[in-house]
Amino acid sequence: MNSPAGPVVGMVGAGQLARMTQQAAIALGIELRVLANARDESAARVIADTRLGDYRDLGDLREFAKGCDAVTFDHEHVPTEHIRALAAEGVAVRPGADALVHAQDKAVMRERLTAIGAPCPAWSRVSSLADVEAFAEEHGWPVVLKAVRGGYDGRGVWVCASADEAREALATGIALLAEAFVPFEREIAVLVARSPHGQGVSYPVVETVQQDGICVEVIAPAPGFPAEEAAVAQRVALGIARDLGVTGLLAVEMFATRSGLVVNELAMRPHNSGHWTIEGARTSQFEQHLRAVLDLPLGSPSLAAPVVVMANLLGGPDPDVFSRYEHVLANDPGIKIHFYGKAVRPGRKIGHVTALGTDLDEVRARAHHAAVCLRGPLNG
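Residues numbered from 1 in each chain as written. Predicted model: local features only at pLDDT ≥ 70, side-chain atom pairs only at ≥ 80, totals over all residues. Heavy atoms only, no water.

Counting its secondary structure elements, the chain contains 12 helices and 17 strands. Rg of the C-alpha trace for the chain: 21 Å, near the compact-globule value of 21 Å for 380 residues, within the 12% margin. Projected onto the principal axes, the alpha-carbon positions of the chain cover approximately 65 × 55 × 45 Å. Counting over 380 residues, the chain shows a buried share of 54%. Considering only intrachain contacts with a sequence separation of at least 6, the fraction spanning at least 24 residues in the chain is 62%. Total accessible area on the chain stands at roughly 16300 Å², and carbon and sulfur atoms take up 50% of it. Computed over 35 positive and 45 negative side-chain charges, the separation of the two mean positions in the chain equals 4 Å. (Helix = DSSP H or I, 4+ residues; strand = E, 2+ residues; numbered from the N terminus. Rg over C-alpha atoms; globule rule 2.2 N^0.38 Å. Buried < 20%, exposed > 50% of the residue type's maximum accessible area, 1.4 Å probe, protein only. Contact = heavy atoms within 4.5 Å. Areas by Shrake-Rupley, 256 points an atom, 1.4 Å probe, with all protein chains shown as cover. Lys, Arg positive; Asp, Glu negative; His and termini not counted. Charge placed at Lys NZ, Arg CZ, Asp CG, Glu CD.)

Structural data, given as structure tokens:
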């Protein structure tokens, strides 16, 4: 390859987040390089500068980082000690290890969020059934047990109504923490970006709709959410980004309850709750992340339409998704479809659709119709 004309950003991981980041990189004149495990991964299929390697191997990471103006991530699984080693050698790793560990380790996250005064549920590290029972004695059943590391899309989370159910979670042998169950009214997410020199922006607060631990729909802005409460949520998210020293994107998932907001999870990368921004915001989350990690001025996060709805595409029993393209595109010329280049398996996220408009019910119906049609008949 010829020498790059613009800056080079290395993204560790080659999933759909890296794939969609490539679209923004092209327009910005940024050379995006990805570290993939295999050539058939989502981003590796569309990015010329794909390097094969193991993100758990420091030698592979060092080789990958050579010539990069910044290194970032499409997942949070790179060992913290490797990130520190790269930074010590002069690599601009964004976010850095001191920030990213809060998205890698839920106990570290809870300790830090509690210390800075962010709204959190009652929680405790637990290692035995006696620990869980003591926690339940104070905070009541059900108790939510979470894997300290590695959980996502509902995996690594157990809502335990009794000691017997808690015993099953403990039997996995993985490190757990306990949280008090939060009786929430809805789930929201706030996506913010922060650059190394401290500029920060917040996207509108969105509502996320979950089924079986998987996000199936995102509505922007969160319908009927009071403006003053949305402002509080944005301030909380921007404050977390500042206090944790985040560079790049930070997604803060929260519970909205009758008594206020509660922080649930953090992610320091482009996030499923922000896919709507590709068409639905003046600056997509993927462009914003690239701007932030290169310390460029951040873009406008404002809405491009009064209502935006994103629906995740989940694989069904019929893998021939493209045979259903014609109906969806003919039925709704305004619908936007994004596929991730992944093999279709039932329940797997294989893409998303986005609809924009002015009427919430109409826009939701359009997004839902497209997602259901593309998934295909549930019985084959």
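For the rest of this paragraph, the subject is the nonpolar core. With 46 residues, the main nonpolar core has V12, I240, L250, M254 and L266 as its most contacted residues. Looking at this core, the element that brings in the most residues is helix α8 (residues 227–244), giving seven residues. The contacts of L266, once residues within four sequence positions are left out, are H102, A103, M109, L113, I240, L244, L250, A251 and V252. Counting residues in each nonpolar core, the second largest holds 21 residues, with V9, M20, A25 and V34 among its members. (Core = buried A, V, L, I, M, F, W, Y, C linked by side-chain atoms within 4.5 Å.)

The strand order β5-β8-β6-β7 describes an open sheet built from four strands, whose pairing is antiparallel. One side of each edge strand has no neighbouring strand; the edge strands of this open sheet are β5 (123–126) and β7 (157–160). Neighbour-to-neighbour, the strand axes of this sheet turn through a mean angle of 25°, independent of strand direction. The pairing of strand β6 (residues 143–147) with β7 spans four bridges and is antiparallel. (Pairing = 2+ DSSP bridges. Axes fitted to C-alpha atoms, helices over the stretch in contact; angles between N-to-C directions.)

Turning our attention to helix α5 (residues 106–115). Within the sequence span of α5, burial applies to K106, A107, M109, R110 and L113. Projected down its long axis, α5 shows its buried positions confined to an angular sector of 155°, all on one face. In this structure, the buried residues of α5 make contact with α4 (97–104), β5, β6, β8 (176–180), α8 and β14 (260–267). Positioned one or two residues after α5, G117 has a phi angle of 85°, which is positive. (Arc of directions from axis to C-beta.)

Right, let's get into the pattern of salt bridges. In this structure the tally under the stated criterion is 21 salt bridges. Across the salt bridge formed by E287 and R291, the nearest N and O atoms sit 2.8 Å from each other. Placement of both E287 and R291 in helix α10 (residues 285–293) is noted, with a separation of four residues, approximately one turn of the helix. Note on accessibility: E287 and R291 belong to one class, buried. As a salt-bridge pair, D332 and R366 come within 2.6 Å of each other at their nearest N and O atoms. (Salt bridge = Lys/Arg side-chain N within 4 Å of Asp/Glu carboxyl O.)

Taken together, the side chains of V157, V159 and F181 make up a nonpolar region of the molecular surface, amounting to roughly 240 Å² of accessible area. Structurally, the position occupied by V159 is in strand β7. Judged by relative accessible area, V159 falls into the partly exposed class, the value being 49%. (Patch = residues over 30% accessible without salt bridge, like charges linked within 9 Å, V, L, I, M, F, W, Y side chains within 5 Å.)

What follows is about the side chain of H352. Following the sequence through the fold, H352 ends up in strand β17 (residues 349–357). Classification of H352 by relative accessible area gives buried; the value is 0%. Within the structure, the side chain of H352 is placed 2.7 Å from the side chain of Y340, a separation counted as a polar contact. Not counting residues within four places of it along the chain, the set of residues in contact with H352 comprises M20, H275, I278, M310, A311, N312, L313, K336, I337, H338 and Y340. (Polar contact = N/O pair within 3.5 Å; in protein donor to acceptor, adjacent residues only side chain to side chain.)

On the secondary structure map, D57 appears in the loop between β3 (50–52) and α2 (58–65). Only 2.9 Å separates the side chain of D57 from the backbone nitrogen of G59, close enough to count as a polar contact. Separated by 2.8 Å, the side chain of D57 and the backbone nitrogen of D60 make a polar contact.

What follows covers the sheet that holds strand β1 (residues 8–12). The sheet built from four strands is open, its strands ordered β3-β2-β1-β4 with parallel pairing. Two strands lie at the open edges of the sheet, namely β3 and β4 (70–73), each paired on one side alone. Here the average twist between neighbouring strands, direction ignored, is 25°. Sitting on the sheet, helix α1 (residues 16–28) is in contact with β1 and β2 (31–36), with an inclination near 170° to β2.

All right, on to the packing of α2 against helix α3 (residues 80–88) then. Contact geometry of α2 with α3 gives a least axis separation of 10 Å together with a crossing angle of 40°. One element, α2, and the other, α3, form an angle in the oblique class. Crossing of α2 over α3 shows right-handed handedness. Across the interface between the two elements, L58, L61 and R62 of α2 pack against H82, A85 and L86 of α3. (Parallel < 35°, antiparallel > 145°, perpendicular 65-115°, else oblique. Left-handed = near helix turned anticlockwise from the far one by under 90°.)

To continue, consider α2. Among the residues making up α2, those that are buried are L58, L61, F64 and A65. The buried residues of α2 occupy an angular sector of 125° when the element is viewed end-on, so they sit on one face. Put simply, D57 is the residue that caps the front of α2, since its side-chain oxygen is 2.9 Å from the backbone nitrogen of G59. G67 sits one or two residues past α2 and shows a positive phi near 85°.

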